Amino acid sequence: MDHEQPLAELLRVRREKLERIRELGVDPYPYSFARTHQAADVLSRSADLETSKETVSLAGRLMAIRGMGKSSFAHIQDSSGKIQIYVKKDIVGDTTYEVFKLLDIGDHIGLKGYVFTTKMGEISLHVDELILLAKSLRPLPIVKEKEGQIFDAFTDKETRYRQRYVDLVVNPEVRPVFETRARLLAISRRFLEEWSFLETETPILQPLYGGAAAEPFVTHHNVLERDLYLRIADELYLKRLIIGGFDRVYEIGKDFRNEGMDRYHNPEFTQLELYAAYEDYTFCMRFVEELYNRLALELLGTTKLTYEGKEYDLQAPWPRYRFFDLISESVGLDVRVLSDAALERECNASGLKLAAGEVGRGKMLDKLFGARVEPKLGGPCFVLDYPLELSPLAKRHRQDPGLVERFEGFLGGREFCNSFSELNDPADQRARFEDQGKLRALGDLEAQPLDEDFLHALEIGMPPTAGLGMGIDRLTMFFTDQHSIRDVLLFPQMR
RNA sequence: GAGAAUGUAGCUCAGCCGGUAGAGCAGCGGCCUUUUAAGCCGUUGGUCGCGGGUUCGAUUCCCGCCAUUCUCACCA
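All residue numbers refer to position in the chain's written sequence, counted from 1. Throughout, the order in which chains and ligands are written sets their labels, letters from A for the former and numbers from 1 for the latter. Selection of residues for local features in this predicted model requires a pLDDT of at least 70, selection of side-chain atom pairs for listing and counting requires 80 or more, and totals for whole chains, interfaces and linings are taken over all residues. In computing side-chain properties, one takes all heavy atoms of the structure into account and sets aside hydrogens as well as water.

A. The arrangement of the overall build of chain A in detail. Secondary structure elements follow DSSP: runs of H or I no shorter than four residues count as helices, runs of E no shorter than two count as strands, and numbering proceeds from the N terminus. A count of helical and extended segments in chain A gives 16 helices and 21 strands. Judged by the C-alpha coordinates and their principal axes, chain A covers about 90 × 50 × 50 Å. Residue burial in chain A is summarised as follows: out of 495 residues, 49% are buried. Within chain A, counting contacts between residues at least 6 apart in sequence, those at least 24 apart form 65% of the total. When the accessible surface of chain A is summed, it comes to about 24,400 Å², and 51% of that surface belongs to carbon and sulfur atoms. Asp and Glu count as negative and Lys and Arg as positive, but His and the ends of the chain are not part of the count. To locate a charge, take NZ of a lysine, CZ of an arginine, CG of an aspartate or CD of a glutamate. In chain A, 65 side chains carry a positive charge and 81 a negative one; their mean positions are 4 Å apart. Per-residue accessibility, obtained with a 1.4 Å probe over protein chains only, is compared with the maximum for each type, and a residue is labelled buried under 20%, exposed over 50%, and partly exposed between these values. Residues are treated as being in contact if the distance between any of their heavy atoms lies within 4.5 Å. Surface accessibility in these figures is a Shrake-Rupley result with a 1.4 Å probe; residues are shielded only by whichever protein chains are displayed.

B. Representation of the side chain of His 75. Structurally, the position occupied by His 75 is in strand β2 (residues 71-78). Since its relative accessible area comes to 16%, His 75 is described here as buried. Here a polar contact is taken to be a pair of N or O atoms separated by no more than 3.5 Å, where protein atoms must pair a possible hydrogen donor with a possible acceptor and residues adjacent in sequence count only if both atoms sit in side chains. A polar contact of 3.3 Å, which involves the side chain of His 75, links it to the side chain of Arg 66. Within the structure, His 75 has its side chain in polar contact with the side chain of Glu 122 (distance 2.8 Å). Among residues more than four places away in sequence, those in contact with His 75 are Arg 61, Leu 62, Met 63, Ala 64, Arg 66, Lys 82, Ile 83, Gln 84 and Glu 122.

C. View of the layout of surface pockets. Cavity means a closed set of points on a 1 Å grid over the protein atoms alone, one where a 1.4 Å probe fits but cannot get out, pocket means an open set with protein on both sides within 12 Å along at least 5 of 7 lines, and lining means a residue has an atom within 4 Å of a point. Grid points are joined across faces, edges and corners, and a volume is the space filled by probe spheres set on the points. Roughly 1,100 Å³ of volume is contained in the second largest pocket. Looking at the second largest pocket, it is lined by 36 residues, and the ones nearest its centre are Met 63, His 75, Gln 77, Lys 82 and Glu 145. Put simply, the parts of the chain that give the lining of the second largest pocket at least two residues each are β1 (56-67), β2, β3 (81-88), β6 (144-146) and α7 (164-170). Broken down by element, the lining of the second largest pocket gets its largest block of residues, seven residues, from β1. Tallied by class, the residues present in the lining of the second largest pocket amount to 16 nonpolar, 10 polar and 10 charged. Under the grouping applied here, Gly and all other residues not named as nonpolar or charged are polar, the nonpolar ones being Ala, Val, Leu, Ile, Met, Phe, Trp, Tyr, Cys and Pro and the charged ones Asp, Glu, Lys and Arg.

D. Molecular detail of the sheet that holds strand β11 (residues 226-230). Think of it this way: DSSP has to see at least two bridges between two strands before they count as a pair. Taken in spatial order, the three strands of this open sheet run β9-β11-β10, and their pairing is antiparallel. Because the sheet does not close on itself, it has two edges, and the strands there are β9 (205-206) and β10 (218-221). By the bridge criterion, two bridges tie β9 to β11 in an arrangement that is antiparallel. By the bridge assignment for β11, Leu 205 is matched with Leu 230.

E. Local environment of the packing of helix α9 (residues 235-244) against helix α15 (residues 452-461). Here an axis means a line fitted to C-alpha atoms, over the contact stretch when the element is a helix, while the angle between two N-to-C directions is reported on a 0 to 180 degree scale. For the pair α9 and α15, interaxial distance at closest approach is 10 Å and the crossing angle is 25°. Classified by the angle between their axes, α9 and α15 sit roughly parallel to one another. Pair α9 / α15 crosses with left-handed handedness. Here Leu 236, Lys 239, Arg 240 and Ile 243 of α9 come into contact with α15, specifically with Asp 453, Phe 454, Ala 457, Leu 458, Ile 460 and Gly 461. Orientation categories follow fixed angle ranges, with anything under 35 degrees roughly parallel, anything over 145 roughly antiparallel, 65 to 115 roughly perpendicular, and all other angles oblique. We call a crossing left-handed when the near helix sits turned anticlockwise from the far one by less than a right angle, and right-handed when that turn is clockwise.

F. Layout of the sheet that holds strand β4 (residues 108-117). Spatially, five strands are ordered β1-β2-β3-β5-β4 in a closed barrel, and the strand pairing comes out mixed. The sheet shows a mean angle of 55° between the axes of neighbouring strands, direction not considered. Sheet topology places β2 next to β3; eight bridges connect them, and they run antiparallel. Residue pairing across strands places Asp 78 opposite Gly 81, the latter belonging to β3. Taken strand by strand, helix α5 (residues 94-101) contacts β1, β2, β3 and β5 (123-134), and its axis lies near 65° from that of β2.

G. Quick peek at helix α14 (residues 426-441). With 16 residues, α14 should cover 22 Å at 1.5 Å per step; its first-to-last C-alpha distance of 22 Å lies within 8% of that length. All buried positions along α14 are accounted for by Asp 428, Gln 429, Arg 432, Phe 433, Gln 436 and Leu 439. Around the axis of α14, the buried residues are gathered within 140° of arc, so they sit on the same side. Residues of α14 that are exposed and point over 90 degrees away from its buried face: Ala 427, Lys 438 and Ala 441. On the buried face of α14, the contacting elements are β18 (396-397), β19 (400-411) and α15. Between a side-chain oxygen at the N-terminus of α14 and the backbone nitrogen of Ala 427 the separation is 2.9 Å; the capping residue is Asp 425. Following α14 by one or two positions, Gly 443 adopts a phi angle in the positive range, close to 110°. Expected helix span is taken as 1.5 Å per residue step, with the number of steps being one fewer than the number of residues. Taking the helix axis as origin, the arc is that swept by the directions to the C-beta atoms.

H. Seen up close, the domain arrangement of chain A. Delimitation of the domains relies on an automatic or database domain assignment. According to the domain assignment, chain A consists of domain 1 (2-140) and domain 2 (176-319 + 379-488). Computed from C-alpha atoms alone, the centre-to-centre distance between domain 1 and domain 2 is 49 Å.

I. Structural detail: unusual backbone geometry. With an omega dihedral of -5°, the bond running from Ala 316 to Pro 317 counts as a cis peptide bond. On the secondary structure map, Pro 317 appears in the loop between β15 (310-313) and β16 (320-322). Gly 379 connects to Pro 380 through a cis peptide bond whose omega is 0°. Along the chain, the position of Pro 380 falls in the loop between α13 (361-373) and β17 (381-387).

J. View of empty space enclosed by the protein. Counting across every chain of the model gives one cavity of 30 Å³ or more. Approximately 40 Å³ is the volume found for the largest cavity. Contributing to the lining of the largest cavity are Arg 322, Phe 323, Phe 324, Asp 325, Arg 336, Asp 385 and Leu 403. The element best represented in the lining of the largest cavity is helix α11 (residues 323-331), accounting for three residues. A class-by-class count of the residues in the lining of the largest cavity yields three nonpolar, no polar and four charged.

K. Local environment of the side chain of Asp 444. Position of Asp 444 among the secondary structure elements: in the loop between α14 and α15. You can call Asp 444 buried: its relative accessible area is 6%. Of note is the side chain of Asp 444, whose polar atom sits 2.9 Å from the backbone nitrogen of Glu 446.

L. Main features of the environment of Glu 298. By the element assignment, Glu 298 lies in helix α10 (residues 281-299). Among residues more than four places away in sequence, those in contact with Glu 298 are Arg 183, Ile 187 and Arg 190.

Below, the structure is given as structure tokens:
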């Protein structure tokens, strides 16, 4: 006892209270409670409720207690918000008041009573009956507030992410981000449905990964005695479904990439991928513009969006720029006619050097674009027609075989989607895979492995098809004005 | 991978030019039947991230390590 740790003492006190509550004949963990209202309902309809004096029942977590001897005020919080309650000993009875005295901040309680307004003008519940719904055994951070000013906010980033349940209880600004995320997904699904897309589910555990330039996570199946990969993209499976005869398919799901983490990257993230038969990449541009307009209007009520202090207008159509025009303009030379050596000199001049494993003309162009062009792209806009080397799954440009019909969407200087007219010539696809194999042999760990079954499927025949991939996490960041991917993920990856 | 900052009570933070710690909130005890960052009185609570070094003496100075956060790099 004398050398008890401070936290241990707080825990002990709560467990002892739990026992005392049990000794009073009260079950601290009952099974259910019938509610008639939520806190926000009471506050918004207080005038009626106050005159009718009808019985209202609420349930919530105790967030503040102000005891005054034989009566007490407290605040409870439910999923709609907070409301004050008033508990009087001579109303609820001696035993209940004794139980009440044994409650802590964090406990769940159920209440019946009537609505009234206090002397100080706060709409409150005058409690007739109070029951404990679940005892809390650990201290919650205590956040206080006066006139909108927050005191002692629970701010430790690491603890907030690791104990998201505490963060959600205590920091009211967190929940709406995830509600918006959910609405954004629901609106997107409805929109996809309107556009006749079928939602599908393809393997996350894959014998061979592909569909993006990234390193995969490897896992092992014991009974099959073989390694499997967590998917880095849905692409190759969704195209198999197009080959199978579904005209429009999509999947919203997690992809996994074994790469670094920063405020834009989490090892697992959510992506929307869609494929539409008989369409090319211009279809996807229209789709993206219209989806963004729909999302903006439904979520924000306007096409104007503020992100990190800057305003963007999502009103369609968005400007379209060509990849090589942008890059040549920024470098001041026609990049397309530069030799590999000249290109490398240009990269060096921009202070870019290719790390080990970064090989080929494509990578150089990619880095140059990332360094010289991307930061200046406010957006929304589309960048079109990328070099062939960067896009092993995209179809050659109909007017320029050195390019592919591909675009990326940009907003706030960040790429947020990627789309192309899908390569459906099996011979060309095989050649592109073989080129990837050469890059891999040179040490490019992100080069895509040759997928023989996918080629088999392409040989069965894939109609002309347009494909699109879009990161849901970044989309959520834009629409909730969050600056870190961790703030739009309920449980971000921690070390 | 590099740099910067941070690490003291359950939470939020002080702690000077070295003398082994302080506040508010929470907790505990008392008073209080319309309070609201409730109030008043009293009170518990600390391996000062870890390990070395300097020193009579280190939370404080030095070195190393660990962890976290942010920025940059990497990452379609």
